[in-house]
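So you can see what is in the structure, the chains are spelled out below.
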Amino acid sequence: MSDSIDVSGDVTFRDLQTFLSVASTGSFRAAAARMFTSQPAVSRTIARLERELGAELLERGPRGTRLTPEGSILVEHAHRLGSVIATLRSELADGRRSRIRLGAAATAAGSYLAPFLAEWIPAHPHVNVEVIEDGAVKLRERLAEGACDLAIVPLPVGDKLEAIPLAHLTVRAYFPPGHPLDTGEENISVDDLVLHPLVVNSTGFLAGRAFMQECEASGLFPHIAYRSNVGQTLAALAESGLGVAVFGDTVDLRGFQLHSRAVHTREGRRLGFELAAAWHRHETPEWIREFGSDLAAFQRRRQDVA
């Protein structure tokens, strides 16, 4: 038995509604009353569905109908399609501003999106905001593929995307007070840092990738004690003495007792990158571009106040 059904040919959404009525009531007569049609019309609809799909969907008996295994599969597909249609109707009713899919790493969502959305959403109550969390590197690919409408990603973004700068992220080393690295100096080189056990992001996240790429370019082999995609987890591990944490300076460290130093390369360049709000160059509505511009302006105001 196949685990899927191809709803094609002359099958209509009304046909599926009729089938769901029969499936839920167990009766052609009850389904006809619910659909405001006649029992023969319901029977013809079910027979046509079975011909189109090449499968028996219902077992008829003196006490009503029961779903066949194929009928159960169609129920699942029909409910899923109904949900899509309901969402489509809602979005069309509200206009194209009804949804925006925002891509951001968890730290970027907390640092940049959350404060902005706290003001923006109340001013735009008709918009449904969906945040898609992933590593910033992966989000750039998902944005180019159309999986999200706007995302916070590193520059450069390539020809398919447009972007407006948001902030500069610096990779820092975090450690508890009294740690051997707690010398009061502002910077630390990758050469000095790799002498200690480290807890870092995976290379799917910007800080982890930038740090590991610099180590590889310098021929260094750091001792990685733990990897995590959550900055607060790395901070807790560093605070407990498991290792020096290496991540970007966008992580909210309220409640942690940690000191830090900016990581720099052998050439003395601080390790970091530019983050930007980006969107598809050719397929993005103007109101989403305005959202990105407003997000960038909000971030500039916060930086000026700080």
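Residues numbered from 1 in each chain as written. Predicted model: local features only at pLDDT ≥ 70, side-chain atom pairs only at ≥ 80, totals over all residues. Heavy atoms only, no water.

Caption draft 1: Here's a closer look at unusual backbone geometry. Put simply, leucine 155 and proline 156 share a cis peptide bond, and its omega is -5 degrees. Counting through the fold element by element, proline 156 comes out in the loop between β5 (150-154) and β6 (161-175). Despite not being glycine, phenylalanine 36 has its phi angle at roughly 55 degrees, a positive value. If you trace the backbone, phenylalanine 36 turns up in the loop between α2 (28-35) and α3 (39-53). Given the relative accessible area of 78%, phenylalanine 36 is considered exposed. (Helix = DSSP H or I, 4+ residues; strand = E, 2+ residues; numbered from the N terminus. Buried < 20%, exposed > 50% of the residue type's maximum accessible area, 1.4 Å probe, protein only.)

Caption draft 2: Molecular detail of the packing of aromatic side chains. Scanning the model with the defined rule gives 4 aromatic pairs in all. Where phenylalanine 116 meets phenylalanine 291, the ring centres are 5.2 Å apart and the plane angle is 80 degrees; that geometry is what we call edge-to-face. Note that phenylalanine 116 is positioned in helix α5 (residues 106-123) and phenylalanine 291 in helix α10 (residues 286-305), a separation of 175 residues in sequence. Here phenylalanine 116 falls in the buried class, since its relative accessible area comes to 5%. Taking the relative accessible area as the measure of exposure, phenylalanine 291 reaches 1% and is therefore buried. Ring-pair connections join several aromatic residues into one group, and the members of that group are Phe116, Trp120, Phe291 and Phe298. (Phe/Tyr/Trp six-rings, centres within 6.5 Å; stacked < 30°, edge-to-face > 60°.)

Caption draft 3: Spotlight on the environment of valine 42. Relative to the helices and strands, valine 42 is located in helix α3. For valine 42 and arginine 29, which are 13 residues apart along the polypeptide, the C-alpha to C-alpha distance reads 8.3 Å. Apart from residues lying up to four places away in sequence, valine 42 is in contact with Thr18, Val22, Phe28, Ala31, Ala32 and Thr37. (Contact = heavy atoms within 4.5 Å.)

Nothing here speaks to function; it is geometry throughout.
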